[in-house]
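# Survey of secondary and tertiary structure
Letter by letter, the chains look like this.
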Amino acid sequence: MKSNLKFVSGDEAVALGVRLARPHVISAYPITPQTIVVERLADFVEDGSLKAEYMHVESEHSAMAAAMGVSSVGARAFTATSSQGLLHMAECVHYASGARFPIVMMNANRSIAVPWSIYGDQRDSLGLLDSGWIQVYVEDAQEALDMMIQAYKVAEHPEVMTPFMVNLDGFVLTHTYEPVEVPDQKQVDDFLPMYQSTNKMSMDEPKSLCFSTSPADNQEFKYMQHKAMEGSVDIIREVDAEFGQVFGRYYHGMTESYRCEDAEAVLMTLGSVTGTVRTVVDMLRAEGHKVGVFKIRYMRPFPQDEVKELGKLGSRVGVLEKNISFGNEGTVFTNVNSVFSTLEKRVESKNYVGGLGGRDITKEDIRGIFMDLLSKEPFTERVEFIGMGCDTNE
Amino acid sequence: MTRMSDFNIRPKDLTDQEYFYGHKACAGCGATIAVRLALKVLGERTYSVLPANCMSAVSFIYPQMAFTTNAIISPFASTGAMLSGVAAGARALGIKDFQTVGFAGDGGTADIGFQALSGAIDRGDDIIYICYDNEAYMNTGIQKSGLTPYGTKTTTSPAGENLPGAVTHKKNMFEIVAAHGIAYAATASIGYPNDFLRKLNKAKSVRGPVYLHILASCPTGWGSKTELSVQLAKDAVDSGLWYLAEYENDEFKLNRNPKEFIPVEEYLYKQGRFKHLKEEDISVIIEHRDKKWEKMRKTWL
Ligand SMILES: Cc1ncc(C[n+]2csc(CCOP(=O)(O)OP(=O)(O)O)c2C)c(N)n1
Ligand code: SF4
Ligand SMILES: [Mg+2]
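Analysis parameters
- Residues numbered from 1 in each chain as written.
- Chains lettered and ligands numbered in written order.
- Predicted model: local features only at pLDDT ≥ 70, side-chain atom pairs only at ≥ 80, totals over all residues.
- Heavy atoms only, no water.
- Near = heavy atom within 4 Å.
- Nonpolar A, V, L, I, M, F, W, Y, C, P; charged D, E, K, R; others polar.
- Axes fitted to C-alpha atoms, helices over the stretch in contact; angles between N-to-C directions.
- Helix = DSSP H or I, 4+ residues; strand = E, 2+ residues; numbered from the N terminus.
- Parallel < 35°, antiparallel > 145°, perpendicular 65-115°, else oblique.
- Left-handed = near helix turned anticlockwise from the far one by under 90°.
- Contact = heavy atoms within 4.5 Å.
- Polar contact = N/O pair within 3.5 Å; in protein donor to acceptor, adjacent residues only side chain to side chain.
- Buried < 20%, exposed > 50% of the residue type's maximum accessible area, 1.4 Å probe, protein only.
- Pairing = 2+ DSSP bridges.
- Right-handed = clockwise from strand over helix to strand, strands pointing away.
- Areas by Shrake-Rupley, 256 points an atom, 1.4 Å probe, with all protein chains shown as cover.
- Buried area = accessible area lost by both parts, 1.4 Å probe.
- Salt bridge = Lys/Arg side-chain N within 4 Å of Asp/Glu carboxyl O.
- Donors = N, O, S within 2.8 Å, 3.2 Å for Na, K, Ca; no water.
- Phe/Tyr/Trp six-rings, centres within 6.5 Å; stacked < 30°, edge-to-face > 60°.
- Lys NZ or Arg CZ within 6 Å of the ring centre and 35° of its normal.

## A few points about the site of ligand 2
Taken together, B:A25, B:C26, B:C29, B:C54, B:N134, B:C218, B:P219 and B:T220 make up the full set of residues adjacent to ligand 2. Split into classes, the residues belonging to the shell around ligand 2 amount to six nonpolar, two polar and no charged.

So this is what it looks like as structure tokens:
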């Protein structure tokens, strides 16, 4: 395989991945920290390296509505957003999945106002977990690029036909430069053939799409949607494995486990913080502590099998997330515990909430979490906000 | 040079083919006339986009679809954006010789879908946007919209002591759209079908965005007799409360200039929604009408 290394930011890696996936139409609207994605795509359309229609929409609601229009005639659509933009288009996000349009969207994970903040946390996309989109959270720029290609392949699979959201931590990932291997276009074309579907309006076979149903039929459509999402787990694993064979990079499917087998304490993560946690794991292992990190890649469909297997290992489990469902706990934690509840032996778990509004999660924070997990003391609280600047015991 | 009359269609030249039937609209629904005629002119190779409204509610009830041509329901606010997406997708796939038309209500056009409509016109997309104006949010049960005329009684402007009938006049959608410098815009009425057919035919030939605003009576929301629907839509024009006009190349043109208006009362009092209007309300309506016509006659003829 010909090597083509480029030193780019996460956003630029996304744009490179999108170009390789050859969407027919891009509907674009700016929002920090996503904007560079649509800027680079404009450059590519301008320099002729991407043959796509570039559509200037007047809002994110329209960005997704336009993408649905594109998909409704059987063409490939791309859009990207973040935070306020994702919430602004929320109605259309649900609409696209119900319509079974395999649109791919990049989301730069960013905090939600108020207070305003352009920095990263994951409350935007996690707030739309129930919208029927596949959600993956990537760890670095290379994975971001590669997932744009995998995303279309999974989303457009005839048994899946479900839109796909690729999430990148705002700034930490979107604006950090890394060397990235850019795959060969010919190889991508072979891996990802042009979109074919019967779920479209066509001149040969006219159709009415996005219809209404009475209570007599509605639930069956929702059931089919649920089944397709559940079934996408196998397709996600297959596509990732095939991608690994062709391009030499494999992402371990739904989750990625690091030094968990004999671990007494495991920290679960989502997104870019995993890198830091891995470093701390190696440091603590060198000191003789049995610790591991378990990265959740997909929040939807949820990696039930993998989380269950982890739960069986008997370690104390922490769930670190940049999210809080006010008045309850972090949503990732809720999802993890619901799988743990199916196990015979109870898993001791605790939720660590941090990184809200872009606050750094430091190695010291993570070391503190592992020490808490390793202490074997019963947990005094279920949810702990880490890295706080004020006293949380007041 | 092509003249407008070149686009005339004789009703007997319309296709016998039906592209919109079997829907569940009320008897006497004016909007269904607009949709049916539009598709007859635009033809089989048409993608229709309908946001949430009466027309989509009565024609996409699974498993009975009332459009024989391609059609899709868009989110309420999204007609303009989805039209652009459909047209762009079809173009990108190399599909040739097709029309992309939207059928949005007054609420879906002048209120919630206004931004997306403005965006689509601004992009210069090759689409036809038809606003069928029944002058209220009908599908949700007759609520006031930005195109509800002065004085109208609706379920949210109950014409009572504390909440009078609509206190503002209709938003000036036609001129607002024209102010975008749109390729072609026109008003119409289901009471003047020949005029509407000609404008549709013209719209078909225009490159770039087209906006057609057609008054479409609604016996359910207007409190009028079903058999009067076409007559009322004609009376609205003849009384000067609606008008037939066009905009193209920076110029407005008034298509119908009655020497004398029929009395507005003749139009208004045939409808339950205006029954409560007092003399002073009628004066407000007439004054507003006359101002509008004075301007139109001065500059649009
Ligand atoms: C975002 C959103 N808000 C509100 C509604 C409820 N809604 C559906 S149809 C409708 C009325 C539409 O009015 P109009 O556009 O005038 O069309 P008509 O029903 O009169 O044909 C409303 C308010 C909706 N479907 N979506
Ligand atoms: S309420 Fe009015 S617009 Fe709606 S279907 Fe009935 S007559 Fe037509
Ligand atoms: Mg209406």
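## Brief notes about the packing of helix 1 (residues 10-21) of chain A against helix 7 (residues 141-155) of chain A
Residues and elements named next belong to chain A. Here helix 1 crosses helix 7 at 30 degrees, and the two axes come no closer than 8 Å. Relative to helix 7, the element helix 1 lies roughly parallel. Pair helix 1 / helix 7 crosses with right-handed handedness. Between helix 1 and helix 7, the residues in contact are G10, A13, V14, L16, G17, V18, L20 and A21 and A141, A144, L145, M148, I149 and Y152, respectively.

## Quick word on the side chain of B:D125
Residues and elements named next belong to chain B. Residue placement: D125 occurs in the loop between helix 5 (114-123) and strand 6 (128-133). Looking at D125, its side chain comes within polar contact range of the side chain of S84, at 2.5 Å. Side-chain polar atoms of D125 contact the side chain of R123, separated by 2.9 Å. Beyond its immediate chain neighbours, meaning those up to four positions away, D125 contacts S84, A120, G208 and P209.

## Some details on the packing of helix 3 (residues 79-92) of chain B against helix 5 of chain B
All names here are of chain B. Close contact between helix 3 and helix 5 brings their axes to 6 Å; oriented N to C, the two are set at 40 degrees. Taking contact as the criterion, the partners of G80, A81 and S84 in helix 3 are, on helix 5, A116, L117, A120 and R123. Its residues assigned to classes, the contact of helix 3 with helix 5 comprises four nonpolar, two polar and one charged.

## Quick notes on the pairing of strand 8 (residues 210-215) of chain B
Residues and elements named next belong to chain B. Strand 8 sits mainly inside the fold: six of its six residues count as buried. Alternating residues of strand 8 divide into V210, L212 and I214 and Y211, H213 and L215, and every residue in both groups is buried. As paired elements, strand 7 (residues 184-189) and strand 8 share six bridges and run parallel to each other. Bridge pairing in strand 8 places Y184 opposite V210. For the crossover from strand 7 across helix 7 (residues 193-205) to strand 8, the handedness is right-handed.

## Notes on the site of ligand 1
All names here are of chain B. G107, G108, Y132, M138 and N139 are the nearest of the 17 residues found near ligand 1. Taking A136, its main chain carries an N or O atom lying 3.0 Å from an oxygen atom of ligand 1. Contact between ligand 1 and N139: an oxygen atom at 2.8 Å from a main-chain N or O atom of the residue. For ligand 1, the protein covers 76% of the area, taking 580 Å² as the surface of the free molecule. Broken down by element, the shell around ligand 1 gets its largest block of residues, three residues, from helix 4 (residues 106-111). When grouped by side-chain class, the residues that make up the shell around ligand 1 number eight nonpolar, seven polar and two charged.

## Quick notes on the sheet that holds strand 10 (residues 255-258) of chain A
All names here are of chain A. Within the open sheet, the six strands sit side by side as 10-12-11-14-15-16. Their pairing is mixed. In the strand order of this sheet, the two ends are held by strand 10 and strand 16 (383-385), each with one partner. Adjacent strand axes in the sheet meet at a mean angle of 20 degrees when their direction is disregarded. Sheet topology note: the strand 10/strand 12 (residues 291-296) ladder contains four bridges and is antiparallel. Across the sheet, S257 pairs through a bridge with F294, a residue of strand 12.

## Comments concerning the environment of B:S189
Residue and element names in this part refer to chain B. Take S189: it is sitting in strand 7. Taking C-alpha positions, S189 is 8.3 Å from Y243, a pair spaced 54 residues apart along the chain. Apart from residues lying up to four places away in sequence, S189 is in contact with I214, L215, A233, K234, V237, W242 and L244. A distance of 2.9 Å separates the side chain of S189 from the backbone nitrogen of G191, its partner in a polar contact.

## Remarks on the interface of chain B and chain A
Contacts between the two partners involve 35 residues from chain B, matched on the other side by 37 residues from chain A. Taken together, both faces of the contact between chain B and chain A bury some 2,800 Å²; the carbon and sulfur share is 65%. Of all residues in chain B, the largest losses of buried area upon contact with chain A belong to B:Y62, B:N70 and B:R123, amounting jointly to 20% of the total for that side. A:E53 is paired through a salt bridge with B:R91; the nearest N and O atoms lie 2.7 Å apart. Of all the secondary-structure elements, those providing two or more residues to the side of chain B that touches chain A are strand 1 (46-51), strand 2 (60-61), strand 4 (70-74), helix 3 and helix 5 of chain B. No other element matches helix 3 of chain B, which puts 10 residues into the side of chain B that touches chain A. The sheet contact formed by strand 9 (residues 208-209) of chain A and strand 4 of chain B spans two bridges and is parallel. Along strand 4 of chain B, the bridge assignment pairs A:S208 with B:A71.

## Remarks on unusual backbone geometry
For the bond running from A:R300 to A:P301, omega is -10 degrees, close enough to zero to count as cis. Locating A:P301 in the fold gives a position in the loop between strand 13 (298-300) and helix 11 (304-312). In the Ramachandran plot, A:R259 falls in the positive-phi region, its phi being about 55 degrees despite a non-glycine side chain. Residue placement: A:R259 occurs in the loop between strand 10 and strand 11 (265-270). Even without being glycine, B:N249 reaches a positive phi, approximately 45 degrees. Structurally, B:N249 can be placed in the loop between strand 9 (245-248) and strand 10 (251-254). Taking relative accessible area as the criterion, B:N249 reaches 65% and is therefore assigned exposed.

## Observations regarding the coordination of the magnesium ion (ligand 3)
Reference values for coordination geometry: four tetrahedral donors around a metal ideally subtend 109.5 degrees, six octahedral donors ideally subtend 90 or 180 degrees. Residues and elements named next belong to chain B. Coordination of the magnesium ion (ligand 3) by the protein is provided by D106 (OD), N134 (OD1) and A136 (O), with metal-donor distances spanning 2.0 to 2.1 Å. Sequence positions of the donors to the magnesium ion (ligand 3) reduce to the motif D-x27-N-x1-A. Pair noted here: D106 is in helix 4 and A136 is in the loop between strand 6 and helix 6 (173-178), with a separation of 30 residues, a long-range link. Comparing D106 with A136 shows no difference in burial state: the two are buried.

## Observations regarding the packing of aromatic side chains
With the rule as written, the count across this model stands at 22 aromatic pairs over all chains. An angle of 65 degrees between the planes, with centres 5.5 Å apart, marks the rings of A:F211 and A:F221 as edge-to-face. Here A:F221 lies in helix 9 (residues 218-247) and A:F211 lies in the loop between strand 9 and helix 9, a separation of 10 residues in the sequence. Take A:F211: its relative accessible area is 30%, and that puts it in the partly exposed class. You can call A:F221 partly exposed: its relative accessible area is 25%. Considering the side-chain rings of A:F221 and B:Y62, the 5.0 Å spacing of their centres and the 85 degrees angle between planes classify their relative orientation as edge-to-face. Of this pair, A:F221 sits in helix 9 while B:Y62 sits in the loop between strand 2 and strand 3 (64-65), which puts the two residues in different chains. Judged by relative accessible area, B:Y62 falls into the partly exposed class, the value being 31%. By way of ring pairs, the aromatic residues B:F174, B:W242, B:Y243, B:Y247, B:F252 and B:W300 are connected into one cluster. Of note, A:R76 hangs over the ring of A:Y152, and the distance from its end group to the ring centre comes to 5.2 Å. The ring of A:F191 has A:K153 sitting right over it, with the charged end atom 4.5 Å from the ring centre.

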